[in-house]
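Architecture at a glance
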Amino acid sequence: MSAEPLSPDGPAGPGPTSPGRAGRAPRRLAPVRAVPPPPTTPIVRSGRHAAPDDTPGEPANEAPAPAPTPRPRPTPAPTTHAETAEQHAARRVRQTWTEVEPHADEHADWFAALLFSLAPEVRALFPARVTEPARRLLRSLVLPMSTVDRPGELRPMLEPLVHEHRALGLRAEQYEVLGVALIGAMRRFARSWDDATEHAWVRAFSLAAGPMEQAVRAAAAPAVAEGTVVGHRRLSWDLAVLHVAPDAPVPHRAGQYLTVEIPQRPRMWRPLSPATAPRPDGLLEFHVRAVEGGWVSRAMVAHAAPGDRWRLGPPAGRLGLDPRSTREVLMVAGGTGGAPVLALCEDMARWARPRPCTVFVGGRVPEDLTVLDRLQELAEQHPWLGVAAVCEDDPLDERSQPGTLPDAVVRGGDWSRHDVLLSGSPGMIRATASALLVDGVSLDRITYDPFTD
Ligand SMILES: Cc1cc2nc3c(=O)[nH]c(=O)nc-3n(C[C@H](O)[C@H](O)[C@H](O)COP(=O)(O)OP(=O)(O)OC[C@H]3O[C@@H](n4cnc5c(N)ncnc54)[C@H](O)[C@@H]3O)c2cc1C
């Protein structure tokens with residue numbers, strides 16, 4: 001994956017060799033059921049987990065206690081009459097979250113300190129430096145809380161978060177202390193915190209964490225599998241292809257990702273997308289880009305070696321194709337975002353009736369196009385597949401056209417009747433989705449898993 005987002009402003013190139021485009025009626029989205037009502041029991045229960053006050057007695061381990069700085073408390077924006085309780089809760093969560101963002105690291109340390117003081121056993125799930133994983137965990141709680149007013153967005157968001165929490169080792173009964181620690185840390189850092197805000201946060205937490213707790217409780221499959229690195233090939237200083245042989249095949253669909261933990265960076269789980277469709281022998285191929293200052297990706301590229309034992313969390317993710325549909329498909333992938341796209345194309349090659357599909361892969365330099373050769377081989381064998389490559393910084397590369405992905409895609413055809421899958425950095429996804437929306441593609445036809453934490 002490109003460490004920098006692909007710019008939407010580059011020169012345009014020619015379009016791909018695309019299969020024919022038969023016009024068909026747009027798909028209707030299934031009706032969305034409402035989120036179940038919150039439990040009547042508040043997350044802060046008297047006696048058991050008392051809500052921590054602003055100065056926990058023993059902040060756990062190395063998480064430092066923030067200096068007590070009195071802050072003015074602005075009046076919260078009033079609730080409009082038309083608002084539902086869920087809308088009010090989500091709006092207050094979004095508003096107060098922006099107040100703590102400038103203190104994100106301190107806030108995460110404070111949250112971790114509260115969490116470890118309430119549930120010391122959770123400390124063992126975190127690496128020595130808690131700030132970054134605590135920030136990830138906080139985001140994974142607050143993101144669904146800020147979406148409780150939009151059940152259609154909330155529901156698909158919860159599944160991958162539950163998988164991450166399970167891979168981390170969190171148990172269902174620990175959601176309550178997560179909520180207590182989260183709200184305790186918010187109370188300390190949010191300028192406009194008051195009783196009404198606390199009520200809104202408790203409500204939003206119940207609505208978002210209730211289903212996650214139930215899913216963790218109900219999960220039957222083991223949260224973590226293990227596998228051995230059997231291949232490590234470095235393509236450039238910051239790119240590597242790795243092969244991992246799981247002890248038993250990890251049941252997953254093409255296009256999904258797995259969260260992985262490597263021995264060089266214990267307890268720092270990261271999502272990675274296999275570049276291969278599920279195989280009978282279970283072998284997984286990963287394409288990894290070392291991001292600047294990246295803890296795990298740099299270790300994967302520079303230090304992973306055959307024989308390493310990796311832990312593999314349960315699969316998750318939105319990228320996938322319905323074999324019952326006959327609608328044409330557009331896939332756009334930036335950098336290592338090509339991995340799940342290759343897996344999906346390999347998978348479709350096994351179908352009785354593959355869907356006509358056009359793939360654009362892009363990168364800054366030709367080495368970034370790690371899946372291009374294999375996609376081109378597939379395209380030579382299968383007339384339903386068309387492939388185009390785009391390279392930003394090497395206009396002389398013979399295999400690709402110069403320019404940026406969004407530009408090349410929009411100039412490459414009319415995609416308004418296609419199902420669109422985007423894969424890559426958040427910047428590339430934002431730019432490509434915006435260009436496609438302006439070009440007449442409807443938002444409910446676009447699916448993506450941005451490569452961000
Ligand atoms: C669904 C999904 C699938 C993914 N699949 C792959 C994959 O197949 N191959 C792959 O190489 N990566 C993939 N990623 C990204 C990967 O999970 C890590 O986020 C990435 O490797 C950085 O981790 P790190 O520990 O090295 O960086 P961190 O130590 O977490 O972060 C270091 C710095 O890098 C920035 N950063 C974090 N992630 C990225 C990113 N993706 N791009 C640019 N800057 C970043 C951070 O903001 C921070 O400033 C995927 C991510 C998601 C969400």
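Refer to the structure presented above.
This text gives an overview of the structure that appears in the document. Predicted model, so just to flag it, every value in this text is computed and none were measured.

Observations regarding the pairing of strand β11 (residues 419-424)
Burial analysis of β11 places 6 of its 6 residues in the buried class, the great majority of the element. Burial of the side chains of β11 extends over both faces: Asp-419, Leu-421 and Ser-423 are buried on one face and Val-420, Leu-422 and Gly-424 on the other. When strand β7 (residues 329-334) meets β11, the two strands line up parallel, connected through 5 bridges. Across the sheet, Ala-333 pairs through a bridge with Ser-423, a residue of β11.

Regarding unusual backbone geometry
In this structure, Arg-267 takes a positive phi of about 65° despite not being glycine. You can see Arg-267 is positioned in the loop between β3 (257-261) and β4 (270-272). Of the residues examined, Arg-267 reaches a relative accessible area of 31% and is grouped as partly exposed.

A few points about the side chain of Ser-140
With respect to the helices and strands, Ser-140 occurs in helix α3 (residues 131-145). Judged by its relative accessible area of 6%, Ser-140 falls in the buried class. In this structure the side chain of Ser-140 is engaged in a polar contact, spanning 2.8 Å, whose partner is the side chain of His-165. Setting aside its immediate chain neighbours within four residues, Ser-140 contacts Leu-161, His-165 and Met-212.

Description of the environment of Gln-174
The residue Gln-174 is located in the loop between α4 (151-168) and α5 (175-189) in this model. As a C-alpha pair, Gln-174 and Leu-118 span 56 residues in sequence and 9.9 Å in three-dimensional space.

Some words on α5
A rise of 1.5 Å per residue sets the reference length of α5, with its 15 residues, at 21 Å; its end C-alpha atoms lie 21 Å apart and thus fit the reference within 8%. Within α5, 15 of the 15 residues are buried, leaving the element largely enclosed by the surrounding structure.

Let's talk about the environment of Ala-388
You can see Ala-388 is positioned in strand β9 (residues 385-391). Relative accessible area serves as the criterion here: at 5%, Ala-388 is assigned to the buried category. With 16 residues separating them along the chain, Ala-388 and Leu-372 place their C-alpha atoms 8.7 Å apart.

Structural notes on the sheet that holds strand β1 (residues 225-236)
Strand order in the open sheet formed by 6 strands is β4-β3-β6-β1-β2-β5, with antiparallel pairing between adjacent strands. Single-partner strands in this sheet number two, and they are β4 and β5 (284-289). Across the sheet, the mean angle separating the axes of adjacent strands is 40° when strand polarity is ignored. The pairing of β1 with strand β2 (residues 239-246) spans 8 bridges and is antiparallel. Paired with Gly-231 across the bridge in β2 is His-243. In the packing of α4 onto the sheet, the strands contacted are β3 and β6 (309-316), and the crossing angle to β6 comes to about 155°.

Details of the nonpolar core
In terms of nonpolar packing, the biggest core is built from 55 residues, with Phe-111, Leu-115, Phe-126, Leu-178, Leu-182 and Trp-201 touching the most fellow members. Listing elements by their share of this core, those giving two or more residues are α1 (85-100), α2 (104-118), α3, α4, α5 and α6 (195-218). If one sorts the elements of this core by residue count, α6 sits on top with 10 residues. Non-local contacts of Phe-111, meaning those with residues more than four positions away in its chain, are made with Ala-134, Leu-137, Leu-138, Leu-141, Leu-178, Ala-181, Leu-182 and Ala-185.

Digging into the packing of α2 against α3
Their axes nearest at 8 Å, the elements α2 and α3 cross at an angle of 85°. As summarised for this structure, α2 and α3 are arranged roughly perpendicular, according to the angle between their axes. Contact residues: α2 offers Ala-104, Asp-105, His-107, Ala-108, Asp-109, Phe-111, Ala-112 and Leu-115, while α3 offers Thr-131, Ala-134, Arg-135, Leu-137, Leu-138 and Leu-141. Class assignment for the residues of the contact of α2 with α3 results in 9 nonpolar, 2 polar and 3 charged.

Regarding the pattern of salt bridges
Enumeration according to the criterion identifies 28 salt bridges in this entry. Residues Glu-226 and Arg-309 are paired through a salt bridge, measuring 3.2 Å at the closest nitrogen-oxygen approach. One end of the pair, Glu-226, is in strand β1; the other, Arg-309, is in strand β6, and 83 residues separate them in sequence. Judged by relative accessible area, which is 35%, Glu-226 ranks as partly exposed. A residue is classified by how much of its surface remains accessible, and Arg-309, at 36% relative accessible area, is partly exposed. When the shortest N-O distance is used, the salt bridge between Glu-285 and Arg-374 registers 2.9 Å. A residue pair is termed long-range when its members are at least 10 positions apart, and Glu-285 in strand β5 and Arg-374 in helix α9 (residues 372-381) qualify at 89 residues.

Conventions adopted
- Going along each chain's sequence as written, the residues are numbered from 1 onward.
- Since the coordinates come from a predicted model, pLDDT governs what is reported: local features require at least 70, and pairs of side-chain atoms require 80 or more to be given and counted, while whole-chain, interface and lining totals use all residues.
- The basis for the side-chain values is all heavy atoms of the structure; hydrogens and waters are excluded.
- Remark: exposure states derive from per-residue accessible area (1.4 Å probe, protein chains only) relative to the maximum for the residue type, with buried under 20%, exposed over 50%, and partly exposed in between.
- The way it works is that DSSP assigns letters per residue, a run of H or I at least four long becomes a helix, a run of E at least two long becomes a strand, and they are numbered from the N terminus.
- Strands are treated as partners if at least two bridges between them are detected by DSSP.
- The term polar contact refers here to a pair of N or O atoms within 3.5 Å; inside protein, the definition further demands a hydrogen-donor-capable atom paired with an acceptor-capable atom, and it admits residues adjacent in sequence only when both atoms are side-chain atoms.
- Contact criterion: two residues are considered in contact whenever any of their non-hydrogen atoms come within 4.5 Å of each other.
- Here the expected span of a helix is defined as 1.5 Å times the quantity of residues minus one.
- Comment: axis = line fitted to C-alpha atoms, over the contacting stretch for helices; angle = value between 0 and 180 degrees taken between N-to-C directions.
- Take the buried residues of types Ala, Val, Leu, Ile, Met, Phe, Trp, Tyr and Cys, join any two whose side-chain atoms come within 4.5 Å, and each joined set is a nonpolar core.
- Here roughly perpendicular refers to angles of 65 to 115 degrees, roughly parallel to angles under 35, roughly antiparallel to angles over 145, and oblique to all remaining angles.
- Lys, Arg, Asp and Glu make up the charged group, whereas Ala, Val, Leu, Ile, Met, Phe, Trp, Tyr, Cys and Pro make up the nonpolar group; the residues left over, Gly among them, are polar.
- By definition here, a salt bridge exists when the distance from a side-chain nitrogen of Lys or Arg to a carboxyl oxygen of Asp or Glu is within 4 Å.

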